[in-house]
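Analysis of the macromolecular model
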Amino acid sequence: MPTDTSTSHTHPTTTYRGLLRNREFAGLYSSFTLTVAASTLSGFALGTLVDHRTRSPFLTAVAMYGATFATVLGALTLMSVADGDRPRRTLLTLQCVSLVGVATQAVPGLPLLARFGLLLVLGFFQSLGTGTRMGLLAEVVPNSAYALARSLMNITSGGMAILGYTIGAVLLRYLSPQEVFAIATALTASALLIVAATVRERSIRPTRRPGLRQTWTTNIALFSHPGQRALLLNLWVPNGLIVGCEALFISYAPEHAGAFLAAGSAGMLLGDLTVGRLLGAEQRRRYAFALRLLLAVPYLLFALNPPVLVAVVAVFIAGAGFAATLPLQEQLLALTPDPVRGQVQGVESAGRITWQGLGAAIAGGVAQYFTPGTAITAMAATSVAITVFTRPLVARARAVRVEPGKA
């Protein structure tokens, strides 16, 4: 696993340009970019559709992030397929499922209940796809370039979210949500074709047959390790609570929601670029706690009902705090045995995404009884408290691997 993730000018893949010269990485990266763009457009379209039909902050928040609820099911049942012997075939199959799901959302007149059901199905397969993709990524790039590769993908995620929310807001002025879903379907199909054309089949060297039993065996070992538990807690909960704040932007200021969402994504892009490209591994670990605080503290300004411009700047600054995931992910990977790295990364991602959905649901529920501004402030304060109280647990995490299947 990557333990030395600092950049080095002597290695051919320790720059973004060097990474993109790797054909397989370029394929994974391009398909990931298109997938994020499709997900952003479809999520924004669905959130807008549900808001127009129901005027419910809770249902709107769940519509935008509802797929995250089902990712935990993938993590608990079949995530071991991420370390199966044919990851390319697995990824292609999962991309096909996503394509069908997004295309179905474009059907006019589809009942809201069916749309929410689709979110759950897509969330389940999305978690498996993420684990498979990250397992392939660890095989495609050298260990020393892994953090840089994750940084680039995080930056791209933020950049595509900016474009997706901005373009989505513009498109929805002229197109129906169903037509925006059709555009998302075309992007998903392109991602599928790129994976098929660029990524070769390879073995992740599974130690046992993937399935429910192997998934649970590895998960038990993962959660039995105190260092890994602490890292997962900090990767999941504070981030999820802040995503809950973001899920209230449409309810907080409908006419400015696109600006808020774009500002948060822009801050995330800047943070990942700075932390992933300009800081070494030791510097990333040193600033991780400050970054986790930065993620939540600016949202406390919403208690004062600030002007829109001030609130947008606060959201931008807070977005940079999402870069705290990079040093935490590096520490988690340093504790992970090679044969189960796809599953562990999939569990980490699935848990983080699930907590984003939980954060959106909690924030939406609070906003039903209080104002969206009050809910945003409460979520941010809770995130700060968890970050502060769990700091000693993260500091005690040690890079001692656990053998697969052993607690």
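Just above, that's the structure.
Residues numbered from 1 in each chain as written. Predicted model: local features only at pLDDT ≥ 70, side-chain atom pairs only at ≥ 80, totals over all residues. Heavy atoms only, no water.

Right, let's get into the overall build of the protein. When helices and strands are tallied, the protein shows 18 helices and 0 strands. A buried classification covers 59% of the 407 residues belonging to the protein. In the protein, once contacts between residues fewer than 6 apart in sequence are set aside, the share between residues at least 24 apart is 86%. Surface exposure of the protein reaches about 16,100 Å², of which carbon and sulfur atoms provide 66%. (Helix = DSSP H or I, 4+ residues; strand = E, 2+ residues; numbered from the N terminus. Buried < 20%, exposed > 50% of the residue type's maximum accessible area, 1.4 Å probe, protein only. Contact = heavy atoms within 4.5 Å. Areas by Shrake-Rupley, 256 points an atom, 1.4 Å probe, with all protein chains shown as cover.)

Taken as a whole and assessed by the stated rule, the structure comprises 3 salt bridges. A salt bridge links R55 to D51, with the shortest nitrogen-to-oxygen separation between them at 3.4 Å. Here R55 falls in the exposed class, since its relative accessible area comes to 59%. Residue D51 is classed as buried on the basis of its relative accessible area, which comes to 12%. Across the salt bridge formed by E282 and R285, the nearest N and O atoms sit 2.9 Å from each other. Here R285 and E282 lie together in helix α13 (residues 281-296), a separation of 3 residues that amounts to about one turn. Given a relative accessible area of 45%, E282 falls into the partly exposed group. The exposure class of R285 is partly exposed, given its relative accessible area of 37%. (Salt bridge = Lys/Arg side-chain N within 4 Å of Asp/Glu carboxyl O.)

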